[in-house]
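Remarks on the overall topology
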Amino acid sequence: MFDDFLQDCAHRDGIRQLVLLGAGLDTRALRLEWPVGCVVYEVDRSDLFAFKQDVLGAMGVRPAGGHHHVVADLESNWARRLRAAGFDPVRPTAWVIEGVIPYLPAPVERGLLATVSALSVPGSAIAYEILQAQDTAKIRENSLYGQTKQKMGVHLSGLFSDDTRPDSARALAETGWEVSEEPVHRFTEQYGRGPVPGVDDPIAYARWVLGRRTHRLYEG
Ligand SMILES: C[S@@+](CC[C@H](N)C(=O)[O-])C[C@H]1O[C@@H](n2cnc3c(N)ncnc32)[C@H](O)[C@@H]1O
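Below, the structure is looked at part by part.

Rules behind the numbers
Residues numbered from 1 in each chain as written. Predicted model: local features only at pLDDT ≥ 70, side-chain atom pairs only at ≥ 80, totals over all residues. Heavy atoms only, no water. Near = heavy atom within 4 Å. Polar contact = N/O pair within 3.5 Å; in protein donor to acceptor, adjacent residues only side chain to side chain. Areas by Shrake-Rupley, 256 points an atom, 1.4 Å probe, with all protein chains shown as cover. Nonpolar A, V, L, I, M, F, W, Y, C, P; charged D, E, K, R; others polar. Salt bridge = Lys/Arg side-chain N within 4 Å of Asp/Glu carboxyl O. Buried < 20%, exposed > 50% of the residue type's maximum accessible area, 1.4 Å probe, protein only. Helix = DSSP H or I, 4+ residues; strand = E, 2+ residues; numbered from the N terminus. Pairing = 2+ DSSP bridges.

1. Observations regarding the site of the ligand
Near the ligand there are 13 residues, and of these Gly22, Asp44, Asp73, Leu74 and Glu98 occur at the shortest range. Within the side chain of arginine 45, one N or O atom sits 3.3 Å away from a nitrogen atom of the ligand. Separating a nitrogen atom of the ligand from a backbone N or O atom of leucine 74 is a distance of 2.8 Å. Protein contacts shield 76% of the accessible area of the ligand, which totals 600 Å² for the unbound molecule. Per-class residue counts for the shell around the ligand are five nonpolar, three polar and five charged.

Shown next, in the form of structure tokens:
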């Protein structure tokens, strides 16, 4: 879904500036086709980029023009660093924040999306993932995450923030964005693959939020 979202933004809607916040080991900046003139910014931590570059370098993958790694902390200085890397807030931007927000404290989620909004002129678009659950502890104990820990050696749900999640989609809608929020399982139906709903299924709390900025309201 996130690949299609970005490709539609670039090829159909003519957006030429794309920002992946918490890009991690995702490689869509390299593996997708981008129109001439597209600039893709990946924002993440320095140790993450060092590892990623080592792995890609060992595979002979070289950085492409128009592709930037921006080392920044999503809890503090990221907008300044993004702008220093060349990001232009007067151009429409496509934003992706996948697999990041459930790990952030609620005030950081609010601040992150408020900053994205402040940097987004009309014509911009966003896709991001949230966990709409009041009881994170229940999700954390779910057997699905136990299996993930066995396979990956990382207790992913143990990293989730315990904060009650803010309604950040509504906050966007109140500041000039058209927003839809859909359960991740709906995209399993659409694509014919993906997580299948199960009994006591933690993925049932996962939502993908899609937004388009139509106009700008005062956000003081
Ligand atoms: C679970 S990974 C998701 C990666 C990728 N977006 C994906 O879906 O495959 C979360 C990413 O967010 C980054 N991240 C989390 N908190 C961050 C912070 N405060 N500042 C910068 N990056 C952060 C991590 O380094 C990691 O790469």
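2. A few points about the pattern of salt bridges
Going through the model one piece at a time under the given rule, you end up with 13 salt bridges. Glutamate 174 is the salt-bridge partner of arginine 170, the closest N and O atoms lying 3.6 Å from each other. When its relative accessible area of 53% is taken as the criterion, arginine 170 is described as exposed. Assessed through its relative accessible area of 52%, glutamate 174 is described here as exposed. Between glutamate 182 and arginine 186 there is a salt bridge, and its shortest N-O distance comes to 2.9 Å. Through salt bridges with shared partners, one network takes in Asp3, Asp26, Arg28, Arg31 and Glu98.

3. Observations regarding the pairing of strand E2 (residues 39–44)
Of all six residues in E2, six are buried; the element is thus mostly enclosed. Because side chains alternate across E2, one face comprises the buried residues Val39, Tyr41 and Val43, and the other comprises Val40, Glu42 and Asp44, equally buried. Bridge count for strand E1 (residues 17–21) against E2 is five bridges, and the pairing is parallel. Its bridge partner being in E2, leucine 21 is matched across the sheet by valine 43.

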